[in-house]
Every structure is written in C-alpha cells, then in structure tokens.
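So you can see what is in the structure, the chains are spelled out below.
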Amino acid sequence: MVYFLVCALLMPVLCPVSAFSQKKLIDRFFSNTKDSTRSASFLPLPVLGYAQETGLEFGVLPMYSFYTERTDTLTRSSAISGMATYTTEKQSNFYIKTDLWLPFNKYHILSELRYKNFPFQFYGVGDRTREEDRELITQQLFRAIGEVEKQVARGAYTGAGIRYENYRFRSANQGPFLPNPYGVFDRDGGQVLYLGLSQIIDSRNTNTYTTGGTYIRLAYAYAPDLFGGDNFTGSSTKLDFRTFRDLRAGKVLGIQGIYQSVQGSRAPFYLLQELGNDMMMRGYYTGRYRDQNLLALQSEFRYRFIPRLGVAAFAAAGTVYGNRQLNFRDIKPALGAGVRYFFDLDRGLSVRMDYAVGEKRAGEKRQSGFYLSLGEAF
C-alpha cells in the first residue's frame, strides 16, 4: 500500500500532463469529495514480493470499476479485476474476474478465468497437520467459472452456474508428488466440472463497503462423471451468511459465518475445503489445514475516521473436519487488525492491508499472515 501511495504522489511530477490533469488526478486519490457523475475508475496496483521458492515476483493488480446504469443511484457498482505476476523462477499467476450488476440490479453476473503455475506448501489432510511434514509442490491450474443470478423479488436472487477446473501437480524438485498417503487421492491431479444452483437473500445497502443489511447465499453444485478414471464425482455445498450494523460516526460491525462441504467417495485433496485466506481465517496459510468440511465465523469492527482512511479489528474461529468428525475443541482462533485507504469514495472501494495471527502449535512458531488486497474481506 505504501508503494501505491508513493506512486500516486509522484505521478503528477513524473508524467508530462497539464496542470488541470494533475489536479484531477490528485482529486481522484486524495480529495474528500465524492464523484457525483458516477464515472468509471481504474486503479493499477503494483505487485512486488520475494520468497525463497519463487525468487522475485513482480506484476500488476488492476481494478476497473463502473456502473452499468449511471442514472439509477440504486444500481450497484460493477468491477473487472485481475492479476498478472511472473517470478524469476519462471512461475506465473494470472486471473481476470468480472462482477457485473446490470441496470436496476435485475441480473448479477460473475465470471473468472485463471491460469496458475505456482508452488505451494502441502501439509497433508486434516486439522492437525504438522509443519515438519510440509512438502513444496508445484501446481498447474486452469479454471473457468460463469454464474448468473436473476432477481426474482426485491432482495432475492436465484442463480445457476458452471465451473471447470483442471489440476496438475509435481514435486518442486521435478520428481513425483509423494505426500503422506493418508486421505490423499488423485495425487497427480485431475479435472472436474460442476453444475450448480444458488439462492440469495440480499438486503445490503451496498455491495462494496457495506454498513447495513444482511446477505445469505446457499449454493449447491454437482459434478457428474464426465471424465472417467479417478476424476471426482460428487457434490459441493456452500452457505455464506453476513450481517452488518451501522454504529454511527463511521463505525460498523460486520459478522460472517460460512459452511462449505465437498461430498464424494474419493474426494481429491485439491478439492477439499482449505482453512485460511485473505478473506476468512486470516492468519493461516491457505491449505495448512484441509478436509471435506469447513466451518468458520468472523467478526470485524470497522472505523472510517475520515473519508479516505479507516482501520479495522477482527477476530475469527474455525476448523476443517471429516464427515461426522466435528469436534469443537479443535476450533482454531484468529485475531488481527488493519488499515484501509479508500481510493474511490463514491463506491467505497479500498486498498486493504491486514496483519493477523492464528494458533501456536507445540514446537512451532505462531501462525500469522500479512495481506494486501483490494476491497473488504466481506
């Protein structure tokens, strides 16, 4: 976020533009006045990082935000976002997502196209994996998603979607992928096609920086036996509940609960539910714990003390578990805080920087994570 702010400050100096254009640019990122014209906005956020397994990673994280109907103030903000990064170890990560609200919110269209050739740490299956058992794995992933939700009543949507994923894995040393065999199916990878339905109840006052209302989404998808062999056949169920309360004077309390499940006789490890990411159970490495079911709850207190800046504090609890194996003594905690810079006041779009900590297992250092993202966690 600091790098982004520095770039924004230097842009009027480095770019050969007129004084009028410089003023518009400064107003876009630093003025406390909203854009009453509801015009589109574009933010390219640079990505720069380093890890031992990837070397230097560099790229761009852009977001284009707009309204499909500018005259209707109730039509929600749409966005096209993406990421493209490359590493000095010749690894790549690319995706483009669309989140479109058509005029008067009659239809909501979601899509994603992703290609990923990137390493990750595999710890095994279950909620008690150990740091010493991790193995560096290279994943090649291709994913395509399309979903359409139609408004059937005020605040109610019914949707249908299709999701295709193709995975390939190998050990980072170019040898075979040989993890602990317990609960690990289809170690070389495979492909799956989900066909799904969803039902949504949505009374939020906005879909970006929500200060009031409730959102409930129940989705079910089935993966038929289209590809044969060891490829997965089964189902996926997801429940997402969110509610927000405006505490006035720039303060908001948000609560989210999620349940996710994948069911099939031989669910491959790469389709299992993963605990931890930049949106839920922050503080845990994504996939450190994975199993057939995931249950998690988080609460976040947000304080926007001036139009451009805000802070947040959050706490969460969650776990993954096998069928009929839920034990509340295995619930894992997470705690963290962060800052927000709102680069688009009209839509409430922000750059989010969070730091969170999780559990400390015997003989291991406390789990933690730092996150730089666009938009709120939920």
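Keep in mind that what you see is a predicted model, and the values were worked out from it rather than measured. (Residues numbered from 1 in each chain as written. Predicted model: local features only at pLDDT ≥ 70, side-chain atom pairs only at ≥ 80, totals over all residues. Heavy atoms only, no water.)

Glancing now at the overall build of the protein. When helices and strands are tallied, the protein shows two helices and 18 strands. Within the span of the protein, comprising 378 residues, buried residues form 47% of the whole. Taking the contacts inside the protein whose residues are at least 6 apart along the sequence as the reference set, 56% of them involve residues at least 24 apart. Entry remark: accessible area of the protein is about 18,900 Å², with carbon and sulfur atoms responsible for 59%. (Helix = DSSP H or I, 4+ residues; strand = E, 2+ residues; numbered from the N terminus. Buried < 20%, exposed > 50% of the residue type's maximum accessible area, 1.4 Å probe, protein only. Contact = heavy atoms within 4.5 Å. Areas by Shrake-Rupley, 256 points an atom, 1.4 Å probe, with all protein chains shown as cover.)

Phe 169, Tyr 194, Phe 232, Phe 269 and Leu 271 are the most contacted members of the largest nonpolar core, which has 19 residues in total. Counting residues per element, the ones that place at least two in this core are β5 (107-122), β6 (135-153), β7 (156-171), β8 (191-202) and β9 (213-223). (Core = buried A, V, L, I, M, F, W, Y, C linked by side-chain atoms within 4.5 Å.)

Attention now goes to unusual backbone geometry. Where the residue is not glycine, phi is negative for most of them; where a peptide bond is considered, it is trans in most cases. Unlike most non-glycine residues, Lys 90 shows phi in positive territory, near 65°. Examined against the element boundaries, Lys 90 turns out to sit in the loop between β3 (78-87) and β4 (92-101). The phi torsion at Phe 104 lies on the positive side, around 65°, for a residue other than glycine. What makes Phe 104 partly exposed here is its relative accessible area of 47%.

Glancing now at the environment of Glu 89. By the element assignment, Glu 89 lies in the loop between β3 and β4. For Glu 89 and Phe 118, which are 29 residues apart along the polypeptide, the C-alpha to C-alpha distance reads 9.7 Å.

Let us look at the packing of aromatic side chains. Per the stated rule, a full pass over the model turns up 18 aromatic pairs. In textbook terms, an aromatic cluster arises when at least three aromatic residues are bridged by ring pairs, as seen for Phe 120, Phe 122, Tyr 167, Phe 169, Phe 269 and Tyr 270. In this arrangement the basic side chain of Lys 97 is found over the ring face of Tyr 95, its NZ or CZ atom lying 5.0 Å from the centre. Over the ring of Tyr 289 we find Lys 332, and its NZ or CZ is 4.4 Å from the ring centre. (Phe/Tyr/Trp six-rings, centres within 6.5 Å; stacked < 30°, edge-to-face > 60°. Lys NZ or Arg CZ within 6 Å of the ring centre and 35° of its normal.)

On to the environment of Leu 136, then. Here Leu 136 shows up in strand β6. Exposure remark for Leu 136: the relative accessible area of 24% places this residue in the partly exposed category. Separated by 34 residues in the primary sequence, Leu 136 and Arg 170 place their C-alpha atoms 9.1 Å from one another.

With that out of the way, let us pick up the confidence of the model for the protein. Overall, the predicted model of the protein reaches an average pLDDT of 89, with 87% of residues at or above 70. Ignoring residues within four places in sequence, the model shows residues 1-17, a span with pLDDT below 50, making 19 contacts including any to other chains. (pLDDT = per-residue confidence, 0-100.)

All right, on to the environment of Phe 122 then. Relative to the helices and strands, Phe 122 is located in strand β5. A relative accessible area of 2% places Phe 122 in the buried class.

Taken as a whole and assessed by the stated rule, the structure comprises 28 salt bridges. Between Glu 131 and Arg 134 there is a salt bridge; the shortest N-O distance is 3.1 Å. Asp 354 is paired through a salt bridge with Arg 352; the nearest N and O atoms lie 3.0 Å apart. What emerges from the salt-bridge pattern is a single network uniting Asp 278, Arg 282, Glu 300, Arg 302, Arg 340, Arg 352, Asp 354 and Glu 376. (Salt bridge = Lys/Arg side-chain N within 4 Å of Asp/Glu carboxyl O.)

A few words on the pairing of strand β2 (residues 55-66). By the bridge criterion, eleven bridges tie strand β1 (residues 41-51) to β2 in an arrangement that is antiparallel. Residue pairing in the sheet places Pro 44 in a bridge with Pro 62 of β2. The turn joining β1 and β2, which pair antiparallel and follow one another in sequence, is formed by three residues. (Pairing = 2+ DSSP bridges.)

Let's shift gears to a nonpolar patch on the surface. Together, Leu 48, Tyr 50, Leu 56, Phe 58 and Tyr 86 make up an exposed nonpolar region whose accessible area comes to about 570 Å². Residue assignment for the nonpolar patch shows that the elements contributing at least two residues are β1 and β2. Structurally, Leu 56 is set in strand β2. Note on Leu 56: relative accessible area 37%, which makes it partly exposed. (Patch = residues over 30% accessible without salt bridge, like charges linked within 9 Å, V, L, I, M, F, W, Y side chains within 5 Å.)

Here the focus is the pairing of strand β15 (residues 309-321). In regular strands, side chains alternate between the two faces of the sheet. As paired elements, strand β14 (residues 293-306) and β15 share twelve bridges and run antiparallel to each other. Residue pairing for β15: Asn 293 is matched across the bridge by Tyr 321. Taking the residues between adjacent antiparallel strands as the criterion, β14 and β15 are bridged by two residues.

With that out of the way, let us pick up the side chain of Thr 75. With respect to the secondary-structure elements, Thr 75 resides in the loop between β2 and β3. Looking at Thr 75, its side chain comes within polar contact range of the side chain of Asp 72, at 2.7 Å. Engagement of the side chain of Thr 75 in a polar contact is seen with the backbone nitrogen of Phe 104, the distance being 2.9 Å. Excluding anything up to four places from it in sequence, Thr 75 contacts Arg 38, Tyr 67, Thr 68, Glu 69, Trp 101, Leu 102, Pro 103, Phe 104 and Asn 105. (Polar contact = N/O pair within 3.5 Å; in protein donor to acceptor, adjacent residues only side chain to side chain.)

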